[in-house]
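Structural characterization, general
Read off the chains here:
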Amino acid sequence: MAENLTDKKDIYVLGIESSCDETAAAVVKNGREVLSNVISSQIDIHTVYGGVVPEIASRLHCENINGVIRLALENAGMGFEDVDVIAVTKGPGLVGALLVGVSEAKAIAYALNKPLVGVNHIRGHIAANYITHKDLEPPYVCLVVSGGHTHLIVVRDYGSFELIGRTHDDAAGETFDKVARAVGLGYPGGPKIDKAAAGGDPKAMEFPRGEVKDHPYDFTFSGLKSAVLNHINQMKMKGETIRVEDLAASFEASVTDSLVSRTLRCARENGLNTVAMAGGVSANSALRKAMQDECDKAGLRCLYPEPVYCTDNAAMIASAGYYDFLSGRWDDESLNAVPDLKLSAD
Ligand code: KG4
Ligand code: ZN
């Protein structure tokens, strides 16, 4: 079945994503051309609780997934019979949420007798760059910054990844969300801090740039988070008003410095001239600008996906699934969700 497919000129992958709070499906041609990209976000519901409630997420995926897949096929002008491969996020993520997508994908693949590929969500975020940048090919450095992950990676090949640095505590996106909550901006915090910071002074407050002893490529954001919370408490105790714009811009300057400096050092030390970013936080305006400016100075190419492909979506899963499929990395009916799936795991 699969051998015949690799001889086929064009390969259409149906991608399914349900690892957190977006139910998503997409059809992607040859890993790069998006024919449809449907995302049903649960954010409004989780906002009421100030964060993602896992059981609610699973139930909503269950309720919405059939409709989302139907719409993705309809928007692509295709039926199930036109799809060649079913790709689904198998991890990392919330186990109950992942199981909805995995079970759905298994049922579709079984009913259609088509190949099934379980995709690593982090590799999916990286693959979002192939959709936006049609000429991008490994090797390159990729900074993955999302709600759950902060990984500095050398992408050696489509299926070969070397983890160079990672966070020792909170992920970058998690830090944005916590700081936003502390200043009353609500959930999800990243886009709200981004907007507020646009009108602020990044030098107004001096927040720490976290370093991890003996691990120059690793990240730590807990000291920064505490410094911001202390600042807020002190201002409240003195009865002074907090300038949210300045706080947001100063906080972003600290996060951005940590992320950009390590990413550029990684590119330099590995002799790579392309730097890519991925994940929800790579939609951040200050981070994009700082990374672009530093890459320009160093003569490096700086890439990031269009905003819709930075946050969770199924087109990136279909793209990563396409490359997994081409390299023979597909699954059988025993595919299961792996909530703590590592980047290097097959
Ligand atoms: O990649 P993603 O959708 O989900 C995970 O795999 O975690 O990332 C979500 C995270 C959230 O923490 C959100 O606050 C953050 O990405 N985010 C942003 C921006 N847009 C989303 N952070 C900073 N600036 C943004 N514009
Ligand atoms: Zn994600």
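Residues numbered from 1 in each chain as written. Chains lettered and ligands numbered in written order. Predicted model: local features only at pLDDT ≥ 70, side-chain atom pairs only at ≥ 80, totals over all residues. Heavy atoms only, no water.

**Quick notes on empty space enclosed by the protein**
Summed over the entire model, instances satisfying the criterion amount to 1 cavity of 30 Å³ or more. In this model, the largest cavity occupies a volume close to 70 Å³. What lines the largest cavity is simply Arg-123, Ile-126, Ala-127, Tyr-130, Tyr-158, Phe-161, Ala-320, Tyr-323 and Asp-324. (1 Å grid on protein atoms, 1.4 Å probe; cavity = no way out; pocket = protein on both sides within 12 Å on 5 of 7 lines; lining within 4 Å. Points joined across faces, edges and corners; volume = space filled by probe spheres on them.)

**A word on the site of ligand 1**
Around ligand 1, the surrounding shell holds 19 residues, and the nearest of these are Gly-147, Asp-177, Gly-190, Asp-194 and Gly-280. Gly-148 has a polar backbone atom sitting 3.2 Å from an oxygen atom of ligand 1. Protein burial of ligand 1: of its 560 Å² of free accessible surface, 88% is covered by the chains. According to the grid-proximity analysis, the pocket containing ligand 1 is the largest pocket. Taken together, the elements giving at least two residues each to the shell around ligand 1 come down to helix 5 (121-132), helix 6 (172-182) and helix 7 (189-197). Considering only residue class, the shell around ligand 1 consists of 5 nonpolar, 11 polar and 3 charged. In terms of domain composition, the shell around ligand 1 takes at least three residues from each of domain 1 (2-129 + 310-326) and domain 2 (138-305). (Near = heavy atom within 4 Å. Polar contact = N/O pair within 3.5 Å; in protein donor to acceptor, adjacent residues only side chain to side chain. Areas by Shrake-Rupley, 256 points an atom, 1.4 Å probe, with all protein chains shown as cover. Sits in = over half its atoms within 2 Å of the grid points. Helix = DSSP H or I, 4+ residues; strand = E, 2+ residues; numbered from the N terminus. Nonpolar A, V, L, I, M, F, W, Y, C, P; charged D, E, K, R; others polar. Domains from an automatic or database assignment.)

**So, the pattern of salt bridges**
Across all of its chains, the model carries 15 salt bridges by this definition. The salt bridge involving Arg-59 is made with Glu-55; its shortest N-O contact spans 2.8 Å. Remark: Glu-55 and Arg-59 occur in helix 3 (residues 54-76); sequence separation between them is 4 residues, near one turn of the helix. Linking Asp-246 and Arg-243 is a salt bridge whose minimum nitrogen-to-oxygen distance equals 2.9 Å. (Salt bridge = Lys/Arg side-chain N within 4 Å of Asp/Glu carboxyl O.)

**Here we look at helix 7**
Turning to helix 7, its buried residues number three or more, namely Gly-189, Gly-190, Ile-193, Asp-194, Ala-196 and Ala-197. The inward-facing, buried residues of helix 7 contact helix 6, helix 9 (244-269) and helix 10 (285-298). (Buried < 20%, exposed > 50% of the residue type's maximum accessible area, 1.4 Å probe, protein only. Contact = heavy atoms within 4.5 Å.)

**Side note on the layout of surface pockets**
The gaps left among the atoms become clear once a water-sized probe is rolled over them. The volume enclosed by the largest pocket comes to roughly 1,300 Å³. Contributing to the lining of the largest pocket are 46 residues, with Cys-20, Ser-146, Gly-147, Gly-148 and Asp-177 lying nearest its centre. Listed by contribution, the elements that provide at least two residues to the lining of the largest pocket are strand 3 (33-41), helix 5, strand 8 (160-166), helix 6 and helix 7. No other element matches helix 6, which puts 6 residues into the lining of the largest pocket. Looking at the lining of the largest pocket, its residues break down into 18 nonpolar, 17 polar and 11 charged. Approximately 280 Å³ is the volume attributed to the second largest pocket. Every residue lining the second largest pocket is counted, 13 residues in all, and those nearest its centre are Thr-256, Lys-289, Ala-290, Asp-293 and Glu-294. Taken together, the elements giving at least two residues each to the lining of the second largest pocket come down to helix 9 and helix 10. Among the elements that line the lining of the second largest pocket, the one with the most residues is helix 10, at 7 residues.

**What about the side chain of Gln-42?**
Along the chain, Gln-42 turns up in the loop between strand 3 and helix 2 (43-47). Given the relative accessible area of 2%, Gln-42 is considered buried. Polar contacts involving the side chain of Gln-42 include one to the main-chain carbonyl oxygen of Ala-57, which spans 3.2 Å. Of the polar contacts made by the side chain of Gln-42, one reaches the side chain of His-61; its length is 3.5 Å. When sequence neighbours within four positions are dropped, the list of residues in contact with Gln-42 reads Cys-20, Asp-21, Glu-22, Thr-23, Ala-57, Leu-60 and His-61.

**A few points about the nonpolar core**
Membership of the largest hydrophobic core comes to 41 residues, with the highest contact counts inside it found for Leu-143, Leu-152, Val-228, Leu-247, Phe-251, Leu-259 and Met-291. Within the residue set of this core, elements represented by two or more residues are strand 6 (140-145), strand 7 (150-157), helix 6, helix 7, helix 8 (222-237), helix 9, strand 9 (274-278) and helix 10. By residue number, the principal contributor to this core is helix 9, which donates 10 residues. Not counting residues within four places of it along the chain, the set of residues in contact with Leu-152 comprises Val-141, Cys-142, Leu-143, Glu-162, Leu-163, Ile-164, Gly-165, Tyr-217, Phe-219, Arg-262, Thr-263 and Cys-266. Counting residues in each nonpolar core, the second largest holds 36 residues, with Ala-128, Tyr-130, Val-144 and Ala-278 among its members. (Core = buried A, V, L, I, M, F, W, Y, C linked by side-chain atoms within 4.5 Å.)

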